[in-house]
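Structure assessment
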Amino acid sequence: MQITLEARPFPAIETEALVSYVFEEADPVQGRIAEIDQSAGGLLSKLAKSGELTGKNLEFTLVHAPVGLKAARLLLVGAGKREQFNSVALRKVAGAALRYLKSRSVKNFALLVLQGDATEESAQAVAEGALTADFESDKYKTEKKNGKRIDTVSIAGYADRERAAGEKGLAKGRTIAESQNFARDLINEPSNKLTPSILAQKAETMAKAAGLSVEVLDEKKIAELKMGALLSVAQGSIEPPRMIVITYNPPSAKPGAPVIGLIGKAVTFDTGGISIKPSEGMEKMKYDMAGGATMIGVMRALAALKPNVKVICVVPSTENMPGGRAQKPGDIQTAMSGKTIEVLNTDAEGRLILADGVHYARQLGATHLIDAATLTGAIVVALAGVNVGVFGSDQPFTDKLLVSAKATGEKMWQMPVDDEYREFIKGTVADIQNIGSGKGGGAITGAMFIKEFTGDSPWIHLDIAGTAWNDDSKPWLAKGPTGVALRTLVHLVMSY
Ligand code: BES
Ligand code: ZN
Ligand code: ZN
């Protein structure tokens, strides 16, 4: 799909559909919408009076052959209250419009921004909204959706003096959205098509194309480095584990400046191991590598956006299988850091591989750590599929992330990591145990376990178990992998 900036004034745009948005207020026909109304002989005012055009959030009003426009259709999307409208809302409007028109076999449209909205931020939001909305999970369908596809989207409403900002936002939005879709593609792959080795190869190919340095540690190197926690999960599978390391190191990074470590859980399939999961819904555990895929996607975006800060991405990857060599409940493992772990439940494997991932990222020089993981079912109980669970050891750092989440429209909610919870994972025969002692707070004990390996580095943990996968489609997004947290993390790194 192509996205361009449209130079022509809106009445002259020849397109299958001209799209704009209206606010929910006493008279939704104002400003540029009123100009359209005038050239269309008052049609929109009439629709507003009859209650067909209200501006309510994501209401669609479609007019065919609108008088006074070169466009074949006019689509007005409800944008809700004017005071609450921002780039987050505009991203959804653009995405919802794309999916609405695509399902009606439209192939191209122009989105007209309103007066005052012709900014860099708006162009970025429209590009992100349209490109992420266009993503479909049809890679393995031999018959694609009977040719229903959007070929071009143009963004209209930018005056000559606003065009430079528009082009800049569009390019940035395209980079971010394509990286998000890159991550979603990986997340969608089933475990027979995406083993740890294949994930590593794909990460390597991406990194080389993007000009990033990349190193993949194989099982031998992982053993040499004594990554006992990662190995303990991997030993139950005949697929060997990988530790993927991608580095972005700009010449502009100053000595002594923060180095950001991005660590992502990449369990390419989680059966639970010997503490095996019920078969119902187990197929979804192919997305247990979403954290890792998201971090790899973030690196892809950063390579193009070129922030001034060094970033090290560490992705431990393995299957969690109940093979003959699998670890068993009660086994004691030694992590790379030297800490000993009682594995009381082999299904709590994400925290094990992250223990070594986080430790290794610090050893490589990361000073600020962020991990993303589909870590616990408990976060789904706490926050459902709405908010990402955020845990942080350093409030200013965590606040910075929450600001980025707000700015990019990704819902995130902070959870506690008080010392009291540390008691929950104290070991009986080893230093720590990999599950809490049955007192609840399952998402928190998962976070507390990872925290044990972060030393004194500021650290943030994102539990994306509930948000990495949409069970139902949204007007602006297909069902399936979401790529959540990528936009927030890119925004956060760019703010350094
Ligand atoms: N991969 C799962 C968590 C998960 C659950 C991801 C639902 C996506 C959707 C994780 O490895 C796991 O199994 N966690 C256990 C931990 C428990 C044994 C302490 C869980 O949440 O049940
Ligand atoms: Zn598990
Ligand atoms: Zn898991």
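All of these numbers come straight from a predicted model, not from anything done at the bench.

Here's the deal with the site of ligand 1
What surrounds ligand 1 is a group of 16 residues, the closest being Lys277, Asp288, Asp347, Glu349 and Gly377. At a separation of 2.9 Å, a nitrogen atom of ligand 1 approaches a polar side-chain atom of Asp288. Within the backbone of Thr374, a nitrogen or oxygen atom sits 3.4 Å from a nitrogen atom of ligand 1. Burial of ligand 1 by the protein chains amounts to 78% of its free accessible area of 520 Å². Per-class residue counts for the shell around ligand 1 are five nonpolar, four polar and seven charged.

Some words on helix 4 (residues 120-134)
Taking 1.5 Å of rise per residue, the 15 residues of helix 4 would be expected to cover 21 Å, and the 21 Å separating its terminal C-alpha atoms lies within 8% of that figure. Buried residues dominate helix 4, accounting for 13 of its 15 residues.

Comments concerning the coordination of the zinc ion (ligand 3)
Tetrahedral coordination by four donors sets the ideal angle at the metal to 109.5 degrees; octahedral coordination by six donors sets it to 90 or 180 degrees. Looking at the metal site, the zinc ion (ligand 3) is ligated by Lys265 (NZ), Asp270 (OD), Asp288 (OD) and Glu349 (OE), spaced 2.0 to 2.4 Å from it. Taken together, the six donor atoms coordinating the zinc ion (ligand 3) and their angles of 77 to 172° define a geometry best described as octahedral. The distance between the zinc ion (ligand 3) and the zinc ion (ligand 2) is 3.2 Å, with Asp270 acting as a donor to both metals. Within this pair, whereas Asp288 is found in the loop between strand 10 (266-270) and helix 9 (290-305), its partner Glu349 is found in the loop between strand 13 (340-343) and helix 10 (350-363), the two being separated by 61 residues in sequence. Considered together, Asp288 and Glu349 belong to a single accessibility category, that of buried residues.

Description of the nonpolar core
If you look at the biggest cluster of nonpolar residues, it comprises 57 residues, and the most contacted ones within it are Leu18, Tyr21, Ile36, Leu44, Phe109, Leu111 and Ile155. Here this core takes eight residues from helix 3 (residues 87-102), the largest share from any one element. Leave out the neighbours within four places in its chain, and Phe109 touches Thr15, Ala17, Val19, Leu98, Leu101, Ile150, Thr152, Val153 and Ser154. Listed in part, the 53 residues of the second largest apolar core include Ile246, Met289, Met295 and Leu462.

Comments concerning the coordination of the zinc ion (ligand 2)
Within the protein, the atoms that donate to the zinc ion (ligand 2) are Asp270 (OD), Asp347 (O), Asp347 (OD) and Glu349 (OE), at distances of 2.0 to 2.2 Å. Here the zinc ion (ligand 2) is ringed by six donor atoms whose angles at the metal span 70 to 167°, and the overall shape comes out irregular. Mapped onto the sequence, the donors of the zinc ion (ligand 2) take the spacing D-x76-D-x1-E.

Describing the pairing of strand 15 (residues 388-392)
Among the five residues in strand 15, five count as buried, and that is most of the element. With three bridges connecting them, strand 15 and strand 16 (residues 412-414) associate as parallel partners. In the strand pairing of strand 16, Val388 is matched with Met412. Note that the unit made of strand 15, helix 12 (residues 395-408) and strand 16 has a crossover that is right-handed. Pairing geometry for strand 15 and strand 18 (residues 459-463), over four bridges, is antiparallel. Of the residues in strand 18, the one forming a bridge with Gly389 is Asp463.

Side note on the environment of Gly157
Looking at the secondary structure, you find Gly157 in the loop between strand 6 (152-156) and helix 5 (163-188). A relative accessible area of 18% means that Gly157 is categorised as buried. Separated by 30 residues in sequence, Gly157 and Ala127 have C-alpha atoms that sit 15 Å apart. With residues near it in sequence (within four places) discarded, Gly157 still touches Arg32, Leu112, Val113, Ala118 and Glu162.

Side note on the sheet that holds strand 12 (residues 331-334)
Within the open sheet, the three strands sit side by side as 12-13-17. Their pairing is mixed. Of all the strands in the sheet, just strand 12 and strand 17 (432-433) have a single pairing partner and so form its edges.

Some points on the pattern of salt bridges
This structure, assessed with the given rule, holds 24 salt bridges. The residue Glu162 makes a salt bridge to Arg161 at a minimum N-O spacing of 3.4 Å. Among the residues examined, Arg161 registers a relative accessible area of 70% and is labelled exposed. Put simply, Lys277 and Asp347 hold a salt bridge, and the shortest N to O gap is 2.9 Å. Taken together, the residues span a long stretch of sequence, with Lys277 in the loop between strand 10 and helix 9 and Asp347 in the loop between strand 13 and helix 10 at a distance of 70 residues. One salt-bridge network, in which partners are shared between bridges, spans Arg99, Lys102, Asp134 and Glu136.

Topic: helix 3
Counted at 1.5 Å a residue, the expected span for helix 3 with its 16 residues is 22 Å, and the 22 Å between its end C-alpha atoms agrees. Of all 16 residues in helix 3, 14 are buried; the element is thus mostly enclosed. The distance from a side-chain oxygen at the start of helix 3 to the backbone nitrogen of Val88 is 3.0 Å, and the residue carrying that oxygen is Asn86.

Quick look at the sheet that holds strand 4 (residues 73-78)
With mixed pairing, six strands are arranged side by side in an open sheet as 1-6-5-2-4-3. Across the chains shown, the open sheet's two edge strands, defined by having one partner strand only, are strand 1 (2-5) and strand 3 (60-64). Averaged over all pairs of adjacent strands, the angle between their axes in this sheet comes to 25°, without regard to strand direction. With two bridges joining them, strand 2 (residues 18-22) and strand 5 (residues 108-112) adopt parallel strand pairing. Within the sheet, the bridge partner assigned to Leu18 lies in strand 5 and is Ala110.

Rules of the game
Residues numbered from 1 in each chain as written. Chains lettered and ligands numbered in written order. Predicted model: local features only at pLDDT ≥ 70, side-chain atom pairs only at ≥ 80, totals over all residues. Heavy atoms only, no water. Near = heavy atom within 4 Å. Polar contact = N/O pair within 3.5 Å; in protein donor to acceptor, adjacent residues only side chain to side chain. Areas by Shrake-Rupley, 256 points an atom, 1.4 Å probe, with all protein chains shown as cover. Nonpolar A, V, L, I, M, F, W, Y, C, P; charged D, E, K, R; others polar. Helix = DSSP H or I, 4+ residues; strand = E, 2+ residues; numbered from the N terminus. Expected span 1.5 Å × (residues − 1). Buried < 20%, exposed > 50% of the residue type's maximum accessible area, 1.4 Å probe, protein only. Donors = N, O, S within 2.8 Å, 3.2 Å for Na, K, Ca; no water. Tetrahedral: all angles 85-135°; square planar, octahedral: opposite > 155°, others 65-115°. Core = buried A, V, L, I, M, F, W, Y, C linked by side-chain atoms within 4.5 Å. Contact = heavy atoms within 4.5 Å. Pairing = 2+ DSSP bridges. Right-handed = clockwise from strand over helix to strand, strands pointing away. Salt bridge = Lys/Arg side-chain N within 4 Å of Asp/Glu carboxyl O. Axes fitted to C-alpha atoms, helices over the stretch in contact; angles between N-to-C directions.

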